[in-house]
Amino acid sequence: MDTALAVDRLHFAFTITFHYLFPQLTMGLALLIVILKTMALRTGEERYSQCARFWAKIFAVNFAIGVVTGIPMEFQFGTNWSKFSKSAGGVIGQTLAMEGMYSFFLESTFLGLFVYGEKRLSPRLHWVAAFMVFLGSWLSGFFIIATNAWMQHPAGYRVMPDGSIALTSLSGLIFNPWIFWQYLHNMTGAVVTGSFVMAALGAFYLLTGRHREHARVFVRIGVTAGSIATLLMIFPTGDGQGHNVAMHQPPTLAAMEGLFESTPGAPLAIMGQPDTERRRLDNPLTVPGALSLLTYRRWSGSVRGLNEFPRSQWPDNVELLYYSYHIMVGLGTILFAIMGVAVWKLWRGTLMQSKPVLWALMLSFPLPYIATTAGWTTAELGRQPWLIYGVMRTAQGLSPKVTAGSGLFTLLGFMGLYSLLSALFLFLIYREVEHGPEPESVAVHLPVPVPGAAA
Amino acid sequence: METLWFCLVALMVAAYVILDGFDLGAGIVHLAVARSDAERRQTLAAIGPVWDGNEVWLIAGGGTLFFAFPALYALAFSGFYLPLMVVLWLLILRGISIEFRSHLDNPVWASFWDPIFCGSSTLLAIVFGAALGNVVRGVPLDAAGDFFLPLWTNFLPGADPGILDWYTVLCGVTALAVLTLHGSAWLSLKTDGPVHERAERLIGRAWRIVLAAAIALSIASFAVQPLLAQSFKKHPWLAVFPALAAGSLALIRILRGERQRFLASAAFIAGMLASAAAGVFPYVLPSVSAANPGLTVFNSAPAQYGLKIGLAWWIPALLLAAGYVAFVYRRFSGKVAM
C-alpha cells in the first residue's frame with residue numbers, strides 16, 4: 001500500500017477508535033441515568049438520586065473527552081480526505097451539519113443544566129434535562145450512523161459529469177434502508193457497554209464490601225438492562241445487520257466468514273485461520289449449513305465465496321476483517337452468557353451473594369469495549385476497498401498534497417496527546433470510584449457557584 | 001442561493017468568534033486578572049456553563065461549510081493541514097484544562113492547568129487570526145485547485161507564502177488584542193471584586209492596542225489584497241461594515257454600562273469580520289498564483305438541490321439553537337460571586 005494512504009487510514013482509524021471509547025459509554029449511560037432518575041422520581045428514594053448523581057460525574061468526565069476527541073473527526077474529513085470531501089461533501093456534509101445543529105446544541109445546553117443545575121431545578125425539570133441529554137446523544141449517534149450508512153450503501157445521490165456527487169433526495173439519505181439495523185445494533189452496543197460498566201462497578205463495591213445499598217442498585221439495573229441489550233445485540237439487530245452485509249456487500253460477507261468456495265449449505269466458521277494465498281481456512285471448526293441458514297433462512301441456500309469475486313473486489317485485509325468479526329461475535333456470545341446467568345440469579349434473588357457471578361461481572365467490563373471496537377473494525381474493513389461502496393475507492397479519496405510525512409507527524413502527535421488523556425482519564429475515574437456514590441463524598445468543586453447570587 | 005449560504009456561513013463564523021471569543025479572551029487574561037485560586041475559579045465560573053456551547057458554533061459552522069461549500073471545505077482544510085492540526089491539539093488541551101481543573105482541590109493540580117488554559121487560549125487567538133489573514137491574502141492554488149502551505153517561507157506575502165508572513169502575523173496579533181478586549185469586557189460584566197477591577201484596567205489598555213492594530217491591519221489589508229479596494233469601489237454601500245466596526249470601537253470607549261460595552265465589542269468583531277468577508281466576496285479563497293483564479297462561492301458550491309433542501313432543515317435548527325443560547329444566557333445572567 002502507498003505510504004500516504006496507509007498513514008491516512010491509520011490516522012483515521014486511531015483517532016476514531018480512541019474517540020468512540022467514550023461516546024459508547026455516554027450514550028449507554030445516558031439511558032441508564034434516565035432510568036435512575038425515573039426511579040428516583042417514582043419512589044422518592046434518595047438512594048436513586050445519589051446513584052444518578054454519581055453516574056453523572058462519570059458521565060461528565062467521559063463526555064468531556066468524547067467532545068475534545070470528537071472535533072478532530074469532523075476536521076479530518078477535510079484535512080486528510082479532501083478528494084472524498086470535495087466530491088461527497090454535498091451529501092455527507094448534510095448529516096454531519098445536522099449533528100452539529102440538532103444534537104450538539106441540544107446536548108451542550110442541557111448537559112450544563114443536568115450536571116450543575118440539580119439544586120436550581122425542580123426534580124421534574126432535572127429529569128427533563130437528563131432526558132434531553134439522552135435525546136441529544138442518541139440523535140448524534142443517528143446522524144453519524146446515517147453518514148456511515150451512506151458510505152456503506154449509498155442512496156439518494158447522483159454522480160455528476162465533473163465527478164462530484166450530488167444529493168438528489170434528502171429522504172433517501174436519512175431513510176437509507178441500511179441505517180435501520182446498523183443504528184439499532186450500534187445503540188444496543190452502547191447500552192451493553194453502559195450496563196456492563198454499571199454492573200461491574202456494583203459488583204466491585206459488593207465484593208469489597210463498600211456502598212452496599214448503591215451497589216445493589218448498580219448491579220440490578222446493569223444486569224437487567226445488560227441482559228436485554230446483549231440479547232437484542234444478537235437478535236434481531238446483529239442478525240439484521242448481517243443480512244444487510246449479505247445482501248449488499250457479498251465479498252465482505254465471504255471474507256468475514258473466511259469462505260473461499262461458493263457452496264450450498266455453507267458452513268459457519270467458529271474458528272480457523274484464513275489463508276488467502278492458498279485460499280482456504282486452516283484448522284477449521286465449523287457448523288455445517290449454518291451460514292446458509294443465517295443468510296437465506298434455509299439450510300441449503302448457496303453462499304458465494306471469495307473465489308467468485310476478482311481480487312480487486314476483495315476487502316484489502318481479509319485476515320483482520322475475519323478476526324475482528326469473529327472477536328465481535330465471540331465476545332458478544334460470552335457477554336450474553338454472563339448476563340444470562342446473572343439475570344437468572346437476580347430473578348432467583350441470589351445474585352448479590354453469588355461471588356463467582358459478581359467476579360465475572362466485575363472482570364468483564366473491558367469486553368464490551370473490545371467487542372464494539374472489533375465490530376466497527378469489521379464494518380470499516382468490510383467496506384474496503386471502497387470509501388463509498390461501489391462509487392469511490394479509498395485510494396481515490398486522499399488529500400493529494402498532504403504527504404505521508406505530514407500525516408505521520410500529526411498521527412504521532414495525536415498518539416502522544418491521547419496517551420496523556422488516557423492517563424488523566426484513568427486517574428479521575430479512579431478517584432470517583434474511590435469516593436463512591438455516598439453523599440459525603442462530594443469530590444467535584446462545581447465551577448459554577450450559583451450565578452445570580454451576587455447580582 | 002450560493003450568496004445566501006455564504007451569508008449563513010459567515011453568520012456562523014461571526015457567532016463563533018463573538019461567543020467563543022469571549023471565553024478565549026477570558027483564557028488569555030486568566031493569569032493576569034485572577035491571581036488567587038478563588039479568583040481563578042471565579043473566571044472559570046464566568047465561562048463554565050457556556051464555553052462548551054460556544055464551541056459548538058465552530059463544529060456546526062464547520063458542518064455547514066462542509067455541505068454548502070464542499071470544495072472550499074476540502075481544499076482549505078487540506079491546504080491548511082498543519083495549522084488546523086495545531087488548532088485541534090490546542091482545543092483538546094484547552095477543553096480538558098477547563099473541565100478537569102475543578103476535579104481536584106490541590107494547588108499543584110490547579111497550577112498545572114491554569115497556564116495550559118491561558119497558553120492554549122492565547123495561541124488559538126493568534127492561529128485563528130492568522131488563518132483569517134491567510135484567507136484574505138490568498139493562497140497558491142494549483143490548476144486542480146489544491147494547495148499545501150508550509151508554516152512559513154520567507155515571511156513575505158508574495159507568490160510563495162507560508163501560513164505565517166508579516167501580514168498574517170499582524171492578523172494574529174490583532175486577533176489576540178481584540179479577544180483580550182472582548183474577554184476583559186465579558187469578565188468585567190460577569191465578575192465583581194479584584195477580578196472586576198483588573199479586567200476594567202485591561203479594557204482601557206487593550207482598547208488602545210486594538211485601535212492601533214485595527215488601523216495598521218486595515219491599511220495592510222488594502223495593500224496586500226487588491227480585491228478589497230475593487231469591492232468597496234464597486235459597492236460603496238459595503239462601507240457600512242467598516243463603519244460599524246469603527247463606530248463600535250469608539251462606543252467601547254464611550255459607554256460606561258458593562259453590558260452595553262460588551263455588546264459594542266461584539267458588534268466591533270462582527271463589523272471587522274463582515275468587512276473582510278464582503279471585501280473578498282465572491283471569492284472565498286483567493287489565489288495568489290496565476291494557475292488558478294481562486295475559489296468563489298459559485299465554483300465551490302454543490303448542486304442546487306442540496307442547498308435548497310438544506311435551508312428547509314437548517315433554518316429551523318438555527319432558530320432552535322438561538323433559543324437554547326437565549327435560554328442558557330438568561331439562566332446564567334448576573335455576576336458570578338467569588
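Residues numbered from 1 in each chain as written. Chains lettered and ligands numbered in written order. Predicted model: local features only at pLDDT ≥ 70, side-chain atom pairs only at ≥ 80, totals over all residues.

**Q** Where do I start with the overall build of chain B in this structure?
**A** Within chain B, the regular secondary structure consists of 13 helices and two strands. Taking 338 residues into account, the globule formula puts the C-alpha radius of gyration at 20 Å, and chain B, at 20 Å, falls close to it. C-alpha extents for chain B along the principal axes are approximately 55 × 40 × 40 Å. Expressed as a percentage of its 338 residues, the buried residues of chain B come to 57%. Taking as baseline every contact in chain B between residues at least 6 positions apart, the subset at least 24 positions apart corresponds to 75%. (Helix = DSSP H or I, 4+ residues; strand = E, 2+ residues; numbered from the N terminus. Rg over C-alpha atoms; globule rule 2.2 N^0.38 Å. Buried ≥ 20, exposed ≤ 12 C-beta atoms within 10 Å, placed from the backbone. Contact = placed C-beta atoms within 7 Å.)

**Q** Which parts of the structure should I look at to understand the overall build of chain A?
**A** Along chain A, the regular secondary structure elements total 14 helices and eight strands. If one aligns the C-alpha atoms of chain A with their principal axes, the spans along those axes are about 65 × 55 × 40 Å. Across the 455 residues of chain A, 54% fall into the buried class. Intrachain contacts of chain A at a sequence separation of at least 6 include 74% that bridge at least 24 residues.

**Q** Can you walk me through the nonpolar core in this structure?
**A** Nonpolar side chains in soluble globular proteins tend to be buried together. Core analysis: the biggest nonpolar cluster contains 256 residues, and I33(A), W55(A) and L72(B) have the highest contact counts within it. Looking at which element gives the most residues to this core, the answer is helix α4 (residues 82-116) of chain A, with 18 residues. Ignoring sequence-local partners within four residues, the contact set of W55(A) consists of L29(A), L32(A), I33(A) and L36(A). (Core = buried A, V, L, I, M, F, W, Y, C linked by C-beta atoms within 7 Å.)

**Q** Even after reading the chapter, I still don't get unusual backbone geometry, so can you show me in this structure?
**A** Note: most residues except glycine have negative phi, and most peptide bonds are trans. Look at the link from F235(A) to P236(A): it is a cis peptide, with omega at 5°. Within the secondary structure, P236(A) is located in helix α8 (residues 212-248). The omega torsion across F281(B) and P282(B) is 5°, close enough to zero to call that bond cis. Relative to the helices and strands, P282(B) is located in the loop between α12 (258-280) and β1 (283-286).

**Q** Just checking my understanding: could you explain the interface of chain A and chain B for this structure?
**A** Frequently, the measure chosen for interface size is the accessible area that the parts lose on association. Listed as interface residues are 57 residues of chain A and, on the opposing side, 62 residues of chain B. Mapped by element, the contributors of at least two residues to the side of chain A that touches chain B are α3 (46-80), α4, β2 (165-167) and α14 (404-435) of chain A. The element best represented in the side of chain A that touches chain B is α4(A), accounting for 20 residues. Within the side of chain A that touches chain B, the residues separate by chemical class into 33 nonpolar, 20 polar and four charged. (Nonpolar A, V, L, I, M, F, W, Y, C, P; charged D, E, K, R; others polar.)

**Q** What is the right way to look at the pairing of strand β4 (residues 268-275) of chain A in this model?
**A** All names here are of chain A. Direction of pairing for β4 relative to strand β5 (residues 280-287): antiparallel, over a ladder of six bridges. Paired with L268 across the two strands is V287, which belongs to β5. Hairpin remark: β4 followed by β5, antiparallel, with four residues in the connecting loop; positive phi at R279, about 55°. (Pairing = 2+ DSSP bridges.)

**Q** Would you mind showing me how to read the packing of helix α5 (residues 123-152) of chain A against helix α7 (residues 177-208) of chain A here?
**A** Working note: a packed helix pair is described by the angle between its axes plus the distance between those axes. All names here are of chain A. Across the interface, α5 lies against α7 with an axial gap of 9 Å and an inter-helix angle of 130°. Here α5 is positioned oblique relative to α7, judged by the angle of their axes. Pair α5 / α7 crosses with right-handed handedness. Contacts between α5 and α7 involve W138, G141, F142, I145, A146, A149 and Q152 from the first element and W178, I179, Q182, Y183, N186 and M187 from the second. Looking at the contact of α5 with α7, its residues break down into nine nonpolar, four polar and no charged. (Axes fitted to C-alpha atoms, helices over the stretch in contact; angles between N-to-C directions. Parallel < 35°, antiparallel > 145°, perpendicular 65-115°, else oblique. Left-handed = near helix turned anticlockwise from the far one by under 90°.)

**Q** Looking at this structure, how should I read helix α9 (residues 193-224) of chain B?
**A** Because each turn of an α-helix spans 3.6 residues, side chains separated by three or four positions in sequence point in the same direction. Residue and element names in this part refer to chain B. With 32 residues, α9 ought to run about 46 Å at 1.5 Å a step, and its terminal C-alpha atoms sit 45 Å apart, in line with that. For α9, the full list of buried residues reads V195, R198, A199, L202, I203, A206, W207, V210, A213, L217, S221 and V224. Looking at the packing, one finds that the buried side of α9 touches α2 (30-33), α3 (37-47), α7 (107-137), α8 (166-190), α10 (226-234) and α11 (240-254). (Expected span 1.5 Å × (residues − 1).)

**Q** Help me out: how do you make sense of the confidence of the model for chain B in this one?
**A** Do not read the fine detail of predicted coordinates wherever pLDDT is low. With 100% of its residues at a pLDDT of 70 or more, chain B shows a mean pLDDT of 92. Model confidence for the complex: the whole-complex pTM is 0.93, and ipTM, which rates the interface, is 0.92. (pLDDT = per-residue confidence, 0-100.)

**Q** Help me understand the environment of H185(A) in this model?
**A** Residue and element names in this part refer to chain A. Along the chain, H185 falls in helix α7. Spatially, the C-alpha atom of H185 lies 23 Å from that of R298, the residues being 113 residues apart in sequence. Dropping the residues within four chain positions of it, H185 is found in contact with T237, G238 and Q241.

**Q** Explanation requested: α4(A) in the structure shown.
**A** All names here are of chain A. Counted at 1.5 Å a residue, the expected span for α4 with its 35 residues is 51 Å, but the 40 Å between its end C-alpha atoms falls short. For α4, the principal kink sits at G89 and spans about 85°. Most of α4 is tucked away, with 35 of its 35 residues classed as buried. (Bend = angle between axes of the 7 residues up to and from the residue.)

**Q** What exactly am I supposed to notice about the packing of α4(A) against helix α13 (residues 304-331) of chain B here?
**A** With their axes 10 Å apart at the nearest point, α4(A) and α13(B) run at an angle of 15° to one another. In terms of their interaxial angle, α4(A) and α13(B) are classed as roughly parallel. The crossing of α4(A) and α13(B) is left-handed. Packed against α4(A), whose contacting residues are G90(A), Q94(A), M98(A), M101(A), Y102(A), F105(A), T109(A) and G112(A), the element α13(B) presents G306(B), G310(B), W313(B), W314(B), A317(B), L318(B), L320(B), A321(B), Y324(B), F327(B) and V328(B) at the interface. Residues that form the contact of α4(A) with α13(B) fall into these classes: 13 nonpolar, six polar and no charged.

**Q** Could you clarify how one ought to interpret the environment of S171(A) in this entry?
**A** One can find S171(A) in helix α6 (residues 170-174). The exposure class of S171(A) is exposed, given the 10 C-beta atoms found within 10 Å.

**Q** What's the story with the environment of Y418(A) in this structure? I'm lost.
**A** Residue and element names in this part refer to chain A. The topology assignment puts Y418 in helix α14. Judged by the 19 C-beta atoms lying within 10 Å of it, Y418 falls in the partly exposed class. Remark: the alpha-carbon pair of Y418 and S302, spanning 116 residues in sequence, is separated by 46 Å.

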